[in-house]
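As a plain string of letters, each chain reads:
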Amino acid sequence: MLIPRLMHVDPKAIDVKFLKSPEQAALLAFHDVGGDSLYVPRDGQDPIGPVVSAESFITENFGSGQRDTFFLCDPGTDDWMAGVLALSDRDNFRIDTIVPSFGNVPLRVTFNNARKLVALTGEFDVHVASGADRPLVGSMPEDASAEHGEDGLGGASHKLADSLIFQNMSQVQSSQGDGQERLKQTLIDRAESSGAPITILNTGSMTDLCVVLEQLAEENPKALSKIQGISLMGGGIDTGRWHTNITDHAEFNFFQDPIAAKRAFELIEEHNIPTLVVPLEVTHTTGVRENHEGAWLKQQAVEKHNPVAAFTAEMYSAGGFDVERSHDFFKFPADKTTRFMHDPNVVTAIQKPKLYSGVYASIDIVTEGEEAGRMLLKPKIDGPIFVALKADAPQVLMDWQSRIANYRGAPANRL
């Protein structure tokens, strides 16, 4: 597989003026207290900090070089983009299995979207194995296809990409219902054979992750040591209308299955599993605009004959639900063309940790009542959890644009 060189990106590819606007700046609240940089939540939670670079946490815990990786997701527009970024970077990730679960749309749709991702990129050594079709307790939450499209991808379509997907779907390795078991057994096998550890990228609910952690904790605790690290998107620190996107208190992934999130974080701390959490504090600053970043990426896709970039650029026109909810409060542009890209940060924070900063903390999740899914933080300097709170948004977006515009991937995906 050819790995793209990260060539210079024309600054015009990034709406830097918008990213540095007062509206975006208002999304973060850092205060210097007594000489130490602390994060002060707006909802009355105690200050947490100090705020430090994510680099040492990632370097010390996730290591460097190629990481054997499981990708737990619910694609989903920004899950798709996260998948493209991870699949394009064999220097950092070797994706073993994609495990789609329920999300904005049912499992049968997210499973098909994960298969489409493999078909388009031509990465046929990646297996797709479906995960949970509902939270630990109860049925699947309300279907959000009205906002995200019946396909969960906002109806994204590109003639050449669609043709390539159709052509390659029969070559995708996939299986129904064994995603959790594949991850669990891989960790057990690695523990028994002293094999390489596994990195987990989690961009959906924490249901599948929780089930695997619970089963291993009971049946084979030694295998938990083969989790090199977990990088996940979820949560938002402040309540009210700040940094939430599904209720007044909760971010979508944690709201989908708050019991799984709570149990998973308890096991992460109990077994000291390095975990990077990327909440809305970060992802609400990494927005793209279909008439700017999207238009540039579509142009590049044509010039470089790149169907992966062409299809991914279509995502910049989809997924406006968060922006519509936040428009009045955050004062985003009236044209409403901004699209938050939450999940790709899970990948980029490992690739380029210097672009992120945050705090070491302990996490608890509210599981009942109107605040179900709310994330609560307490400082814990010596704990295994690092919560990113800030990103260099222009540099992050330039990295995304460059990687996607220059994406080559396997020969099967080339025009």
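It is worth spelling out the confidence of the model for the protein chain at this point. Residues of the protein chain with pLDDT of at least 70 account for 84%, and the chain-wide mean is 86. Counting interchain partners and residues more than four positions distant, the pLDDT-below-50 stretch residues 1–7 has 24 contacts. When the criterion is pLDDT under 50, residues 31–35 qualifies, and its contacts beyond four places in sequence or with other chains add up to 6 contacts.

Next up on the list: empty space enclosed by the protein. Rolled over the atoms, a probe as big as a water molecule pinpoints where empty space is left. All chains considered together, the criterion is met by 1 cavity of 30 Å³ or more. Considering the residues around the largest cavity, the lining is formed by Leu-72, Cys-73, Val-99, Ser-101, Asn-202, Gly-204, Ser-205, Asp-208 and Leu-209. Looking at the lining of the largest cavity, the elements that each hand over two or more residues are β4 (67–73) and α9 (207–219). Class assignment for the residues of the lining of the largest cavity results in 4 nonpolar, 4 polar and 1 charged.

As enumerated under the stated definition, the model contains 18 salt bridges in all. Residues Lys-262 and Glu-266 are paired through a salt bridge, measuring 3.7 Å at the closest nitrogen-oxygen approach. Of this pair, Lys-262 and Glu-266 are both found in helix α11 (residues 258–270), 4 residues apart, which corresponds to roughly one turn of the helix. Here Asp-399 makes a salt bridge to Arg-403, at a shortest N to O gap of 2.9 Å. Here Arg-403 and Asp-399 lie together in helix α17 (residues 393–405), a separation of 4 residues that amounts to about one turn. Of the residues examined, Asp-399 reaches a relative accessible area of 4% and is grouped as buried.

Counting residues in hydrophobic clusters, the biggest one holds 71 residues, and the most contacted among them are Ile-98, Leu-276 and Phe-311. Aside from chain neighbours lying at most four places away, what touches Leu-276 is Phe-57, Ile-58, Phe-62, Ile-230, Ser-231, Leu-232, Ala-349, Phe-386 and Ala-388. If you look at the next biggest cluster of nonpolar residues, it comprises 42 residues, including Ile-48, Ile-230, Ile-385 and Leu-389.

Following both chains from N to C, one finds helix α4 (residues 77–87) and helix α5 (residues 107–121) inclined at 35°, their axes separated by 11 Å at the closest point. Considering the relative orientation of α4 and α5, their crossing is right-handed. Counted together, Trp-80, Gly-83, Val-84 and Leu-87 of α4 and Asn-113, Lys-116, Leu-117, Leu-120 and Thr-121 of α5 form the full contact between these two elements. A per-class count over the contact of α4 with α5 returns 5 nonpolar, 3 polar and 1 charged.

Parameters at a glance
- Residues numbered from 1 in each chain as written.
- Predicted model: local features only at pLDDT ≥ 70, side-chain atom pairs only at ≥ 80, totals over all residues.
- Heavy atoms only, no water.
- pLDDT = per-residue confidence, 0-100.
- Contact = heavy atoms within 4.5 Å.
- 1 Å grid on protein atoms, 1.4 Å probe; cavity = no way out; pocket = protein on both sides within 12 Å on 5 of 7 lines; lining within 4 Å.
- Points joined across faces, edges and corners; volume = space filled by probe spheres on them.
- Helix = DSSP H or I, 4+ residues; strand = E, 2+ residues; numbered from the N terminus.
- Nonpolar A, V, L, I, M, F, W, Y, C, P; charged D, E, K, R; others polar.
- Salt bridge = Lys/Arg side-chain N within 4 Å of Asp/Glu carboxyl O.
- Buried < 20%, exposed > 50% of the residue type's maximum accessible area, 1.4 Å probe, protein only.
- Core = buried A, V, L, I, M, F, W, Y, C linked by side-chain atoms within 4.5 Å.
- Axes fitted to C-alpha atoms, helices over the stretch in contact; angles between N-to-C directions.
- Left-handed = near helix turned anticlockwise from the far one by under 90°.

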